[in-house]
Amino acid sequence: TPYIDIASHMFYKPKNLRYMLKLYTAYRKLGNEIEKVVSKVYNNAIVLIVSDHGYSPARQDHSYFGYWSINLNLTNTEKPRTILDFEHLIRRLIS
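Since this is a predicted model, take the numbers as computed values, not measurements.

### Focus on the overall build of the chain
Counting secondary structure elements, the chain contains 3 helices and 4 strands. From first element to last, N terminus to C terminus, the chain shows the α and β order α-α-β-β-β-β-α. On C-alpha atoms alone, the chain measures out to a radius of gyration of 16 Å, which is more than a quarter above the 12 Å that the 2.2 N^0.38 rule sets for 95 residues. Considered along the principal axes of its C-alpha atoms, the chain spans approximately 50 × 30 × 20 Å. By residue count, 20% of the 95 residues in the chain fall in the buried class. For the chain, the exposed surface amounts to about 7,800 Å²; the carbon and sulfur share of it is 58%. Of the charged side chains in the chain, 13 are positive and 8 negative, and the gap between their average positions amounts to 9 Å.

### Comments concerning the side chain of S8
Along the chain, the position of S8 falls in helix α1 (residues 3-11). When its relative accessible area of 3% is taken as the criterion, S8 is described as buried. The residues touching S8, leaving out its near neighbours within four places in the chain, are L23, Y27 and Y55.

### Overview of the nonpolar core
Membership of the largest hydrophobic core is limited to 7 residues, which are I4, A7, F11, Y12, L23, A26 and Y55. With 3 residues, the single largest contributor to this core is α1. Beyond its immediate chain neighbours, meaning those up to four positions away, A7 contacts Y12, L23 and A26.

### With respect to the packing of α1 against helix α2 (residues 17-40)
The N-to-C vectors of α1 and α2 enclose an angle of 170 degrees; their axes lie 9 Å apart at closest approach. Between α1 and α2, the crossing angle belongs to the class labelled roughly antiparallel. Together, Y3, I4, A7, S8, M10 and F11 of α1 and Y19, M20, K22, L23, A26, Y27, K29 and L30 of α2 make up the contact between the two elements. Considered class by class, the residues forming the contact of α1 with α2 number 11 nonpolar, 1 polar and 2 charged.

### Side note on the environment of I83
Secondary-structure assignment places I83 in the loop between β4 (67-70) and α3 (86-94). Sequence separation of I83 and W68 is 15 residues, and the distance between their C-alpha atoms is 8.9 Å.

### Regarding α1
Among the residues of α1, I4, A7, S8 and F11 are the ones counted as buried. Mapping the buried residues of α1 onto a view down its axis gives an arc of 100 degrees, with all of them on the same face. Those residues of α1 that are buried lie in contact with α2 and β2 (55-56).

### Some details on the environment of Q60
Relative to the elements of secondary structure, Q60 occurs in the loop between β2 and β3 (61-62). For Q60 and Y12, which are 48 residues apart along the polypeptide, the C-alpha to C-alpha distance reads 7.5 Å. When neighbours within four sequence positions are excluded, Q60 is seen to be in contact with H9, Y12, K13, P14 and Y55.

The rules behind each value
- Residues numbered from 1 in each chain as written.
- Predicted model: local features only at pLDDT ≥ 70, side-chain atom pairs only at ≥ 80, totals over all residues.
- Heavy atoms only, no water.
- Helix = DSSP H or I, 4+ residues; strand = E, 2+ residues; numbered from the N terminus.
- Rg over C-alpha atoms; globule rule 2.2 N^0.38 Å.
- Buried < 20%, exposed > 50% of the residue type's maximum accessible area, 1.4 Å probe, protein only.
- Areas by Shrake-Rupley, 256 points an atom, 1.4 Å probe, with all protein chains shown as cover.
- Lys, Arg positive; Asp, Glu negative; His and termini not counted.
- Charge placed at Lys NZ, Arg CZ, Asp CG, Glu CD.
- Contact = heavy atoms within 4.5 Å.
- Core = buried A, V, L, I, M, F, W, Y, C linked by side-chain atoms within 4.5 Å.
- Axes fitted to C-alpha atoms, helices over the stretch in contact; angles between N-to-C directions.
- Parallel < 35°, antiparallel > 145°, perpendicular 65-115°, else oblique.
- Nonpolar A, V, L, I, M, F, W, Y, C, P; charged D, E, K, R; others polar.
- Arc of directions from axis to C-beta.

Put into structure tokens, the structure is as follows:
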């Protein structure tokens, strides 16, 4: 979903507290939705959340750094270095 991407472009204004609170609210709402999804999956289910890019406050545009989160303890060699590295991890997890 582009929800956070759009919210960041619209509301990231560090000198405007009202906009920053709206951005915080957008992140909190998404966090609540993620918690709902995670609470409904089976205990042994693997949840992987991936963003293809981040947000650069300095440029107020996309950054080259994405975000990912997984509910597994990965070794350093298993941790993806780029978004393309998820293919190998996903293939291993589903085999």
